[in-house]
Each structure stands twice: as C-alpha cells, then as structure tokens.
Amino acid sequence: MFTDSHAHITKEFYEDIDVVIKNAKLNNVNRIIIDADSIESCYEVLDISSKYDNVYCCLGIHPENINENVYELDKIVEDNKDNPKFIAIGEIGLDYYWTKDTKDKQKEILRHQMEIAKKYNKPVIIHSREATKDTIDILKEYPEVIGDIHCFSGSYETAEIYLKMGYYIGVGGVLTFKNANIKDVIVKLPLNRLLLETDSPFLAPTPKRGETNEPANIPIIADFLANLKGISIDEVSKQTEKNINKLFNIGDINE
Ligand code: NI
C-alpha cells in the first residue's frame, strides 16, 4: 500500500476525479493527500476530501497566488479545526523562479501561514524554488512546526539542514528523469524521512513523462527509489507509510 503525499486533484486539472481515485486504488495507492494553492481551491479540496474516505486535504496559499486574501484562510482553518480530513497547511512557500519581484510579499504570506500552522499544531507542505536560504531562515523562526519539503531538488547539505530541523523530504517523478542529479542526494537520505509524492498533474515519472500525472503512478516512483537504494519495494512501502502516519498524525488504514 502507498500514500500519495502531494497531489493537486481538482476540477481545474481532471475531468473525472472519481476515475483518478479509482485508478489510484487499483495501483495500491490507498491514500491521497491533496493540496490547495488558492482560497478557491481550499474550498474545493475540503469538499473532495469529505467525499472520499481515503482523501485528506491541506489548506494554504501558494507563493504564486500571494494576492489572495490570507485572512480568509484564517477563517477557513478556524472553521475546519476539528475536521479530521484537514491535516496540514499547504502548499505554501517561496518561489523566486517565477516571481522574484514579489519576494517581500511572499515572505510575509509564508510567515502568516507558518503562524497558522503553529497556532493549530499542523505540519506544513513547503514549496521552495530558487529560494533555499530565505526558506530555511523563515522555517527556523518556527521551531515548533515541522512538515514536508515537497519535490525537494536541493543539495545534500540543504537536505541535511531540513532533516536536522525535523522536516521530511518529498520524493517524486523527478527522481526517475534521466540525468536527474537529485538521485545522488536522495540515495544518501534515510528512508524514515522520505515521503512519496506525485505532485499530480505535474511531473509524471518516466516512462509517463509528458502525460498528465496521477496518484496511480506512485508505485513507479517507489520502485525506482527501491532500486536506487538497493532495497525491496515492500520496505519502501512500509516505511513511507509509517512516515506519513507519524508526520500527519493519521491512522494506518491498512491495519
Ligand atoms: Ni504542488
């Protein structure tokens, strides 16, 4: 059994969400954690997670959407604080690749959402692109908060810093790409701190590169990781499931 720790399963990207979730189950991907990236998608992921037993949601505003009203997020989180399907604040972070002219605003919105995570004792799902130093500096201001460094693409030294801070490292389709340097980093990281993710609909793994990604592709990434580390796919499954249960404080549906 597997969990997709990070996917964007919304109407914007998929015609039939039912089919996506059924396909995942057929491939032993029994749990899917879906991330919001805007206020509108917060409402949508709440709705979808309420309809499926095995779907959980994260609420947050992505750095590409910093003009959204972050105070509305405060209200949505407060209204859902007892909702067992709401398990993290995400996807949040800093992205200086697409939008470097808004650095200050991005940092302000990230800090606001880290405050929410601290207040409600939720882990965070972090997006960081070309912003490693600022991301680490801000996360260090909140030592009470841990989470997932989603789609990690940094150096071994950077990974070590995040691991020391208590964060988990998200491993997705990029690992399977030819010439991906991230292989040399991931192979050295401890399995008990890795999470499998697709980031669907983006970043489909080889040999599905270029297609619309789906949670059903998680076993391809797990198999690749198992071969890279020289362990069985069963070991990858068991440990990454434990990691999910621990970080997000959710029960193991397989027990
Ligand atoms: Ni994402």
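Coordinates for the structure precede this section.
Report follows, based on the coordinates. Bear in mind that the values here come from a model prediction, so they are computed numbers and not experimental data.

**Considering the overall build of the protein chain**
Counting its regular elements, the protein chain contains 9 helices and 8 strands. Taking 2.2 N^0.38 as the reference for a compact globule, 255 residues should give roughly 18 Å; the C-alpha atoms of the protein chain span a radius of gyration of 17 Å, in line with that estimate. Projecting the C-alpha coordinates of the protein chain onto the three principal axes gives extents of approximately 45 × 40 × 35 Å. The long-range share in the protein chain, meaning contacts at least 24 apart out of those at least 6 apart in sequence, stands at 70%. Here the protein chain has roughly 11,700 Å² of accessible surface; of this, 47% comes from carbon and sulfur atoms. Both charge centroids of the protein chain, one from 30 positive and one from 43 negative side chains, sit 5 Å from each other.

**Details of the sheet that holds strand β4 (residues 86–95)**
Strand-to-strand pairing in sheets goes through backbone hydrogen bonds, with the strands running parallel or antiparallel. Taking strand neighbours across the sheet as the criterion, the 8 strands line up as β1-β2-β3-β4-β5-β6-β7-β8 in an open arrangement whose pairing is parallel. The open sheet is flanked by β1 (2–7) and β8 (194–196), the only strands paired with a single partner. Direction aside, the axes of adjacent strands within the sheet are offset by 30° on average. Pairing of strand β2 (residues 29–35) with strand β3 (residues 55–59), which is carried by 4 bridges, proceeds in the parallel orientation. Bridging across to β3, Ile34 finds its partner in Cys57. Along the sheet, helix α1 (residues 17–26) contacts β2 and β3; its crossing angle with β2, the most-contacted strand, is approximately 140°. Sheet contacts for helix α8 (residues 218–229): β1, β2, β7 (168–171) and β8; angle to β8, the most-contacted strand, approximately 145°.

What counts and what doesn't
Residues numbered from 1 in each chain as written. Predicted model: local features only at pLDDT ≥ 70, side-chain atom pairs only at ≥ 80, totals over all residues. Heavy atoms only, no water. Helix = DSSP H or I, 4+ residues; strand = E, 2+ residues; numbered from the N terminus. Rg over C-alpha atoms; globule rule 2.2 N^0.38 Å. Contact = heavy atoms within 4.5 Å. Areas by Shrake-Rupley, 256 points an atom, 1.4 Å probe, with all protein chains shown as cover. Lys, Arg positive; Asp, Glu negative; His and termini not counted. Charge placed at Lys NZ, Arg CZ, Asp CG, Glu CD. Pairing = 2+ DSSP bridges. Axes fitted to C-alpha atoms, helices over the stretch in contact; angles between N-to-C directions.

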